[in-house]
Amino acid sequence: MDLSYTEEEEAFRARLREWLGSVLPGLPPKPDPGDWPGRRAYDAGWQRLLYDAGYAGLHWPADAGGRGATPTQHLIFLEETERAGAPYVGANFVGLLHAGPTIAAEGTAEQRARWLPPVLRGDEIWCQGFSEPEAGSDLASLRTRAVRDGDEYVVSGSKIWTSHAEVADWCELLVRTDTAAPKHRGISWLAMRMDAPGVTVRPLRTLAGSTEFAEMFLDEVRVPVSHRVGAENDGWRVTMVTLSFERGTAFVGEVVACRRTLDALAAEARRSGRWDDAVLRRRLGRLNAELRALWRLTQWNVSEAQASGGVPGVGGSVFKLRYSHARQELYEAAAEVLGAGDALDLDREWVLDRLSSLSYTIAAGTSQIQHNIVAERILGLPKGR
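A brief structural summary.

### Observations regarding the nonpolar core
Ranked by internal contacts, the top residues of the largest apolar core, which has 65 residues, are Trp19, Trp46, Tyr55, Trp126 and Trp189. When residues of this core are assigned to their parent elements, the largest contribution, eight residues, is made by helix H9 (residues 315-343). Ranked by size, the runner-up nonpolar core spans 24 residues in total, among them Ala91, Tyr153, Val167 and Leu218.

Structure, rendered in structure tokens:
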């Protein structure tokens, strides 16, 4: 495997660094974490800057409004924006990393033309309506029902852990369209307007104090049949495309962020004298090796996605499984480096990151689910009973 960069790729990196250096100093201050309308405006403003500069949807296909960049250019973009401290996708997360790529891969020409440009410009925000109170890890057990009524579906039910529902314009929604079919075969994938009559959103407060998730209640919400992505009752297959993006490529920028956090912890350990602890040094060294290995795995997964037409393969589950635990181990090491006194200071950003890290073995498919995927679809082991 040749992991060196070509002259063209290094020129791309140089242009990106120059642009970041010119635009980042002019950004407004970040809004308060609890100010979701402010955070939406901030994230949308950054997305518009990316769009105007030609960096929005960098790796999306050109016919989906992207730049059609190579996997290596995409990874360079993630590296450089993270190292420069540029804003993350934030409220644009679901649209840019889940719904948008799914529509690009599975949507009709009309659907792509309607929904993808506003996502790339930051004009419209999406949320994810997958999980339900009785259908979390066993997502195929979902009960939210959509009954066909002419050219519309009438949707009733509830969702939970609906990401960014507070500020979203659209929801990627899983519904049951055939109650008689086996549970994996009676599901459809819909795009639902969040301001439609019958939609009620109740924010959920997380351990870290954020309200990025919500409960969502649907009372006879009407959704046009033309807003269904994929065939009726083929939603489980479309969902697997969505989840492959979520597990395969959505977290890649965070690997760079974790490596930067690790560098900061090593510097703090040297400053405080904790670097003299050989056990701690070994722990930080192992984390450094693991994060570097995860970055190489990221390169492989993104390259595979490009070769397969843009949809990540099941190797994303290997990455997601190990990254979830590595992130938790990183912030456990942070507590060791910084000490118990600082661990009680909730104003420290790393503490909030530590609390957030606890969710990674659950979000985007629990580690138990990822173990099953790896065992059955990669190793070819029989299904457990």
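### Section: helix H1 (residues 7-23)
For H1, with 17 residues, the first-to-last C-alpha span of 24 Å sits near the 24 Å given by 1.5 Å per residue. If you check which residues of H1 are buried, you get Glu9, Phe12, Arg13, Leu16, Trp19, Leu20 and Val23. One side of H1 holds all its buried residues, which, seen down the axis, span an arc of 130 degrees. Exposed and oriented more than 90 degrees from the buried face of H1 are Glu7, Glu18 and Ser22. In this structure, the buried residues of H1 make contact with helix H2 (36-53) and helix H3 (71-83).

### Some details on the packing of aromatic side chains
Inspection of every chain in the model, using the stated rule, returns nine aromatic pairs. Where Phe12 meets Tyr55, the ring centres are 6.3 Å apart and the plane angle is 70 degrees; that geometry is what we call edge-to-face. Residue Phe12 is found in helix H1, and its partner Tyr55 is found in the loop between H2 and H3; the two are separated by 43 residues along the sequence. Seen in terms of ring centroids, Trp19 and Trp46 are 5.7 Å apart; in terms of plane orientation they differ by 40 degrees. Their pairing is tilted. One end of the pair, Trp19, is in helix H1; the other, Trp46, is in helix H2, and 27 residues separate them in sequence. Exposure remark for Trp46: the relative accessible area of 4% places this residue in the buried category. Connected via pairs of aromatic rings, a cluster forms that spans Phe12, Trp19, Trp46, Tyr55 and Phe77.

### Describing the state of the cysteines
Tallied over the full model, the rule gives zero disulfides. Looking at the unpaired Cys171, the closest cysteine sulfur is the one in Cys127, lying at 3.8 Å. Taking relative accessible area as the criterion, Cys171 reaches 0% and is therefore assigned buried.

What counts and what doesn't
Residues numbered from 1 in each chain as written. Predicted model: local features only at pLDDT ≥ 70, side-chain atom pairs only at ≥ 80, totals over all residues. Heavy atoms only, no water. Core = buried A, V, L, I, M, F, W, Y, C linked by side-chain atoms within 4.5 Å. Buried < 20%, exposed > 50% of the residue type's maximum accessible area, 1.4 Å probe, protein only. Helix = DSSP H or I, 4+ residues; strand = E, 2+ residues; numbered from the N terminus. Expected span 1.5 Å × (residues − 1). Arc of directions from axis to C-beta. Contact = heavy atoms within 4.5 Å. Phe/Tyr/Trp six-rings, centres within 6.5 Å; stacked < 30°, edge-to-face > 60°. Disulfide = S-S within 2.5 Å.

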